[in-house]
Each structure stands twice: as structure tokens, then as C-alpha cells.
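Residue-level structural notes
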Amino acid sequence: MPKNELNHLNQELDKKNELFEYIQEANELGIWELDIASDKITWTDMVYKIHEVPKDFNPNKAKAIEFYHPDYRPIVLEAITKCSVDGKSYDLVCQLITAKERLIWVRATGKKVGDKLIGSFQDITNIKKSEIRFKSVIEGTNVGTWEWNVQTGETVFNERWAEIVGYTLEELAPVSIETWMKLAHPEDLKESERRLNACFEKETEYYKFETRMKHKDGHWVWVYDSGKVFEWTHDGKPLMMYGTHKDITERKLREEKLRISEEAFRGNFENAAIGMALMDENGKWLKANAKVCEMVGYTQEELFELTFQDMTHPDDLDTDLGLLKELVVGKRDHYQMEKRYFHKDGHIVHILLAVSVVKNKQGNVLYFISQIIDISNEKESQRKLQEAISSLQAILDASKQVSIIATDKEGTVTLFNSGAEKQLGYKTQEVIGKPHPELIHLTEEVERESEELSKKYNKEIKGFETFVYETKIGVSNTKEWTYIRKDGTSFPVLLSVNTIKDHDEIVGYLGVGTDISDLKKVEKEIKSLLDITNEQNERLRNFAHIVSHNLRSHSSGISGIIQLFQMEFPEVSKHELISHLRNGVENLTQTVNDLNEIVKVNLSQSDTAQIGIYEVLQKNIDSLSMQIQQTDIEIINTVEKDLSVKAIPAYLDSIFLNMITNAIKYRSEERASYLKIQANMEKSMVSVSFEDNGQGIDLKKHGDKLFGLYKTFHDHDESRGVGLFITKNQIESMGGKIAVVSEVNVGTVFKITLPK
Amino acid sequence: MKKIDLACIVEDDPVQLFITRKYIELSGFVEKTLAYKNGKEAYTSLKAMFLNNEKLPQIIFLDLNMPVWDGWKFLDEFTQIPIEQGGAIYILTSSNHEDDIQRAEKYGLKNNYLVKPIDLSQLNGILPKLVTN
């Protein structure tokens, strides 16, 4: 080797040595060398410095080992021996006691080089201290740690990591990232991956995730997983990632419970069937659920502008405020009251209010909790019920003339109104609970009715059943009975029996009895009146018989004798006395005939029938055709053919005949005579008018006597004054009327009205 | 002139009996006239005649209102007698009552209903028919 080249090499070596020493210095790295054969040791300055021995200290193997903490001496010795014998290198971290008796941490490495061991020696106390600190932090915070080589998948977990999920590291070995994947909740993996990627893409610095892991026991453990990429590959990929696992199960469970209870409360509050509200200490609405808003008609926003005082009925406010005060001062912890709110519309809302208070630790009111139930319907029902009860009571009380007695199904009296008290003379308390029929009914009467009913329904009906059987089977049951008063006297009643039902089930009976004593009396009177009338009718009948038979018989006898006399003694018959006798008998016969006709009208019991007016008129016109021709009177029948009246055929015939013959008889000789017959419907009646242009009647003079018996108004041979009397009687007996309008020498109109 | 052999009058009132008998006499159609005071008397006598096979009256004038048996009762009983060729019965009454006329119809005597007093023309309308028969 040329000299300058050697120089150059020497220079280079020096440079290298300088650098090496500098490095040793900078890293506080010492170098040691052991001659295996002689146990002689050579130290660099730094080694001396670490051992805190002076430069003149002469170390050897034994001395060097002596410096180590007794716990480490066997380890160090074994490592050196193994290295010397087998050439196995070592790297130890041990505690060492310096010459100045300081306990320090050192890192010692050794390597066999030929017949020597060469190694480094380094004071790592500071590093170790921070490591211990770090460890104790980790242990103190009870977190599991993990290291992950993102590229290879290699992972390292600490014991705590395994412990969180109930394992030891040994049980989990061999660990890899797969170990985590298996234990993680499948639902969380995706999100975990997303967040990791965010770190890998450097979008976020830290990976943070609350995730679930499967515990060895099978339950899920909540873990707060956090970490950070510490090393990157040269091409920017994540390499090493470190992180921790913190068991947050307890917190999570607490949170969940809280959430559930909060949700439950909120659900309760919002959807409660009753109104719920929070108010501050001044009564201002803080919170109100939908039900409250519905009750009072305000929206939540409107409500929050108000206090409950604004809405409370003034009459209820003092009570409410009084109770609230007691709540505030701690006299009570809740109160309940019925009160009234004003609805937004102005109407009153009845509510049931329950208020409790929530205070803070200092005892100040935080808010009032109100539970509000709308009881308007109940109040209204209550009011209606009260009204119904009142009016029912009023009816019961007012019915002084009517006895109202209610019984149960067996006939025991359950109600006895004031009318019953008055009529029967018992006091309510005397009869309530007593068997009803025995008390106030006639035994014979009940037995008689019982027999009749038993026969009618073909089964035995007796006792109380006698009163209610028909009611029970739905037959209307109103009958006359005799009630017996407390004092033994009796009176007739009309008793209606009805059922009292509760949801379609008969629970009792209600008997409403009307005192019909007066009615009975009147009935009796009417009956006796009827008897009198019947008697009188009978007498009239007898009279009619006398008229129709006896009188006629005698008058006909007389006239027969006179006729015979005239035949036997024609010359004597011409005597004036005889002709008077003959006239007298003729008049008598006629009178008897008339009377007979009149009596017939009143006694006849012929049935009415629907009769066509036109036909009857025409029949009479035909039968009178001879007279009509002779007298040259024009009869104008304009009656419609389908008009009919309800009448007794013989009467109608007689009436029409009378009308037509009257018109003929009393026609005027001074002019061409006519009779106009018309008919009109008038509601339920038909009127038939007979209008003539005859002599007329002076109604001023005769009006009130026109239809009287034996009243004649014409100086006429044939007028006897019976026809109109009978006609009127006949018309009236059929429910009709007759009216007349007349003027002397102009004509007469008779208007007859008969039922349709 | 052929005559009716036997006529019969049932009548309680002597005046009426006299009149009827006189007119029958005056008509000159009748040989002999029997008279009874009431229905019962007439029935008893006529029945006895029937049983004795004597000739019965060809015409009977029957009053309605009579004591003991009235005209109706007589009709009820007399029509029970099984007479082969009975004479005509005429009701002769002072009653022109509708009820009586209707009742007469039930015995088929509506057209044989005469109201007193009877006169000669009425008799002359009835008797000749019986003679020719």
C-alpha cells in the first residue's frame, strides 16, 4: 500500500473513530470488551461514566457483574456465559447500582467476536422511567393496548386488552388482526373500517370508535377504541398503529338506561292519555303535552305565553294558589283538586288537577308537574243525571193524584211516592220492604183475576204474578183494581203495570195507579142518565105505538062508521053536522098520520149508506112527473152524477121529495116557475141547494118558526106545516144541516148539507 | 053470481068488526061470515073444523093487535095445520108501521096487508078473485 494511500486510510479511520466517539457521546453509549480467557475487561469512557467510577478503576468480569442489582446478576452472568460458550448474542435491560449507589437502568448487549466479547452499554434510566410511567398510566387507566402493523397484520395486545373480553393473552394466542375481527361486533366492523380508512387517508389524525366486542361469556362488551398511525411507509401507507381499548360497558349501560327512561318519560309525557305539563314557580307553562293543548284549545306556543292563573276560573284560583303555596313551603308534596279552566273559545273546561313539585338540592322550586284530566263530560253527565233525578223526583212528588209504587221482581215494595202515601194513607217507611199485593189489594179481586189469567194463559198464575204476568210477556197491562187504604176503606184505581229494566233485564215493576173514584161516580151518573133516556125512549116508543095503532085504530073506526052511515042514510048525510063530523075525522086521521111520521124519524134505527144524490133526485122527479107537467114547472137538476152522501136512504128520499113538492106547491102563478138543484163538495160535507122562483117566505116574520111543527106560511090548502119539521129532523138525525134564504115573491133557496 | 061460502074475521074491536062485517055484507060476495075475538079463539075453532072435516073459510081477515093470541101467534100456529087447500089470509090492521109490514113479508103476506078502515073498493078488488078460484 503506498504511503499516501495509507495516510489517507488513516485519516479516514481517524475521521470514522471521531464520528463513532461523537455518536457514542451523543447517545451516551458505552462500549465494552471482555477477554474471555483472562476475564479482563476494557471500558470506554462512557462506561466508566455510567458506573460512576474514576478512570483509574480497573474493571474485570466479576467486578462488572457485581455492579448489577442482585436480581439481575444471575441473568447477566448466564447471558455472558452463554455468549462466551455458545456465541449467543444478548441484549438485556437490567438494573444496576453505580459506585455512587444510584439505582439506574442500563441496556447491555453482548456479542462474541473471536475470543472476545464486545458489547454496548447504555444508561436507559430516563427511557425506562418514561416507559414505567407510560405503563403505570396504562395500568392505572386500565386500558388495553394494541399495536398493529397495518401492512403485515401483525398485532400485539396487552393482557388488559384480552382481559376486557374475558381472556388471557395466552388463550388468544396466536394473535393477529384476525383476533380483533373475530371478537368485534359484526355490525360495527364496517364503521370501524370506515374510520380507520379516514385515518389512513389522513383525513383524521385519530381513530375513535365506540364498539362492541364479544366477551368470552357471550355477552357484548362496549369498548372505546382509539388509536393513531405512528409510522408510515416511505410511499405514504400506514405502517404502525398504536391504540388503546377502554371498557365503557358500564357507562354505555347507564347511558342506555338513561336514554330508555328519558324516552319512556318523553313518550309518556307526549302521548299520555291525560294532560301533562311542567310549570315554573310562577305558573308559567314550560312544557305541555298535546292533550293539554287539546283540552284548552291553545297551541303549545300560545300556551307558553300564558300562566295557569290566566286560564283558571277566578272562583277556583285562590284554592289552587293556596295549595301551590303549601307545596312550595314543603307542607305537602302534592295536591289534587277539581277546577275549571277557560277554553280558548271562552267556554269552561272542568278538569281534575294533580300537582307535584320538583326541587333542587338547595330546596328551591325547579318546576311543578301537573297532571290534568278533562272531566267536562263527567261533569255534564253528572249534571244531566242530577237533572234527570230531580225531574223524576219532581214527577214522583208532584203526582199527588197518582200513586206510583215500584217493587222488586218478587213484589216487595221499593218505592212509594207521595201520591201513594196520600191515596193509601201509609207512610213510605211503613211499606218499603213489605210484600205489595197483600197490603193494598182485595184478596177476592186478586183471586178472581188470578183465575181468569190462569184460564186465559192455560197455566197457574197467582199471587204477585197476577199483577205482572201480562206485563212480563209484553201485553199491555192496564186494569181496574180496588185499593184498600190503611184505614180499611177502599177506592177504585186504574193501574198500569210496567217493567223496570236494567240493561234489558227485568229488575222490578212499576205500578202507576190513578184514583178513578170520581170517574166512576161520573160513569154511574152517565149510566143513570142513560137509563132515564132509555126509559124515555121506551115511553116514546109506547107513545108511538099508541099513535100508530090505537089512535089510528080508533080514528079509522070512526071514519069507517061515518062512511057506512053515509051509505046507509044518504039523505041524513047531507046534514051540515054530519059533514063537520066527517071533516073532523079526516083531520084527526091526518094528524095521527103526521105524528106517526114524526115519531118514526126519532125512533128509526136504519143504517146509513153511501147514496148517489143524482139518482135519488131523478127518481123523485120521475115519480112527480105528472104534477110537474100539470103545473108547468121546470126542474133543473145540475147535480154531478158521481156525487154521493152518507145518509139513510128512506130519509134522503123523503127530504128530496119534500123539497121538490114544496117548490111545486108554492110556485108563483105570476111567472114561469123553475126549481134549480145544485150540489157542491164542502170539505167533508156535500151541500145540495134547491133554488126556486116561487112565492118566497117572509123570513123576518117567520124565520125562527120556519121549521117548527104545524107552522104554515102560505095560504094554501095543502100546507100542513109538517114537511119542513120532519125534513129538518131527518137531516139533523143524519148529522146534516138545513138553511134557508128567501124573499117574498122572488124565491127561496134551501141549502141542505150532509156528510160525505 | 057465484059466492064465497065462508069468510072469517079475527078482530077484538067491536067497531072494527062491525065495519068489516058490514062491508063484506055490502060487497055481496060472501054467503057467511065467521067472527072471532082473538087469535086463540079463531085457531081453536078453525082447527076443530079442520079435524071434523068441515069446510074452512076461503078468506080470513086477521087483525094484528089482539089480546090472548095476537095475529102473529095465530099465523104461527095456524100455518102448522096441514090444510090441503087453505083459504087466503089478509092482514087487516090499523098499524101502518114499517116493522109490521116487514114482518108480514116473512109470512108471505106483504101484498095481503090492508090498513083500516077498509072500504068497499078494496074488497071489490080482492073478493072476486077468490070467487073465480
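Here the structure is a predicted model, which is why all the values come from computation and not from measurement. (Residues numbered from 1 in each chain as written. Chains lettered and ligands numbered in written order. Predicted model: local features only at pLDDT ≥ 70, side-chain atom pairs only at ≥ 80, totals over all residues. Heavy atoms only, no water.)

Our focus in this paragraph is the packing of aromatic side chains. All names here are of chain A. Enumeration according to the criterion identifies 21 aromatic pairs over all chains in this entry. Taken together, Trp-43, Tyr-48, Phe-57 and Phe-67 form an aromatic cluster joined through their ring pairs. For Lys-128, the ring lying beneath its charged end belongs to Trp-105, and the centroid distance is 4.7 Å. Above the plane of the ring of Phe-230 lies Lys-228, whose end atom (NZ or CZ) is 5.3 Å from the centre. (Phe/Tyr/Trp six-rings, centres within 6.5 Å; stacked < 30°, edge-to-face > 60°. Lys NZ or Arg CZ within 6 Å of the ring centre and 35° of its normal.)

Averaged over all residues, the pLDDT of chain B is 86; the fraction at 70 or higher stands at 98%. Strand β3 (residues 59-62) of chain B holds the highest mean pLDDT among the elements of chain B, 92, whereas helix α5 (residues 120-132) of chain B holds the lowest, 80. (pLDDT = per-residue confidence, 0-100. Helix = DSSP H or I, 4+ residues; strand = E, 2+ residues; numbered from the N terminus.)

We now examine the pattern of salt bridges. In this structure the tally under the stated criterion is 48 salt bridges over all chains. Among the salt bridges present, the one from A:Arg332 reaches A:Glu326, with a minimum N-O distance of 2.8 Å. In this structure A:Arg332 comes out as partly exposed when scored by relative accessible area, which is 33%. Residues B:Glu41 and B:Lys37 are paired through a salt bridge, measuring 3.9 Å at the closest nitrogen-oxygen approach. (Salt bridge = Lys/Arg side-chain N within 4 Å of Asp/Glu carboxyl O. Buried < 20%, exposed > 50% of the residue type's maximum accessible area, 1.4 Å probe, protein only.)

Residue and element names in this part refer to chain A. Here we have five strands laid out as an open sheet, ordered β22-β24-β25-β27-β26, and mixed in their pairing. A single partner strand is all that each edge strand has here, and the edge strands are β22 (634-637) and β26 (737-743). Across the sheet, the mean angle from the axis of one strand to that of its neighbour is 15 degrees, orientation sign disregarded. In the sheet, β26 pairs with strand β27 (residues 747-755) via seven bridges, with the strands oriented antiparallel. Among the inter-strand pairings, Val-741 is bridged to a residue of β27, identified as Val-749. The sheet contacts of helix α26 (residues 649-665) involve β22, β24 (674-682), β25 (685-692), β26 and β27, and relative to β27 the element is tilted by about 170 degrees. (Pairing = 2+ DSSP bridges. Axes fitted to C-alpha atoms, helices over the stretch in contact; angles between N-to-C directions. Contact = heavy atoms within 4.5 Å.)

Here the focus is the nonpolar core. Residues and elements named next belong to chain A. Ranked by size, the top nonpolar core spans 39 residues in total, and within it Ile-613, Phe-690 and Phe-750 carry the most contacts. Of all the elements, α26 adds the most residues to this core, at eight residues. Discounting chain neighbours no more than four positions away, the residues touching Ile-613 are Val-639, Leu-643, Ser-644, Val-645, Phe-656, Val-686 and Val-688. In terms of nonpolar packing, the next biggest core, distinct from the first, is built from 29 residues, Trp-43, Phe-67, Leu-96 and Leu-117 among them. (Core = buried A, V, L, I, M, F, W, Y, C linked by side-chain atoms within 4.5 Å.)

Once that is clear, we can look at the domain arrangement of chain A. Along its sequence, chain A is carved into domain 1 (3-128), domain 2 (142-254), domain 3 (272-380), domain 4 (399-515), domain 5 (521-599) and domain 6 (606-755). Distance between the C-alpha centres of domain 3 of chain A and domain 5 of chain A: 104 Å. (Domains from an automatic or database assignment.)

Residue and element names in this part refer to chain B. Strands sit in the order β2-β1-β3-β4-β5 across an open sheet of five strands; the sheet is parallel. Taken across any chain shown, the strands that pair with only one partner, and hence form the sheet edges, are β2 (30-36) and β5 (113-115). Adjacent strand axes in the sheet meet at a mean angle of 25 degrees when their direction is disregarded. Relative to β2, strand β1 (residues 4-10) is paired through six bridges, and the arrangement is parallel. Paired with Ile-9 across the two strands is Ala-35, which belongs to β2. Here helix α2 (residues 39-51) sits on the sheet in contact with β1, β2 and β3, set at roughly 125 degrees to β2. Its contacts with the sheet put helix α3 (residues 71-78) on β3 and β4 (88-93), and the angle it makes with β3 is roughly 145 degrees.

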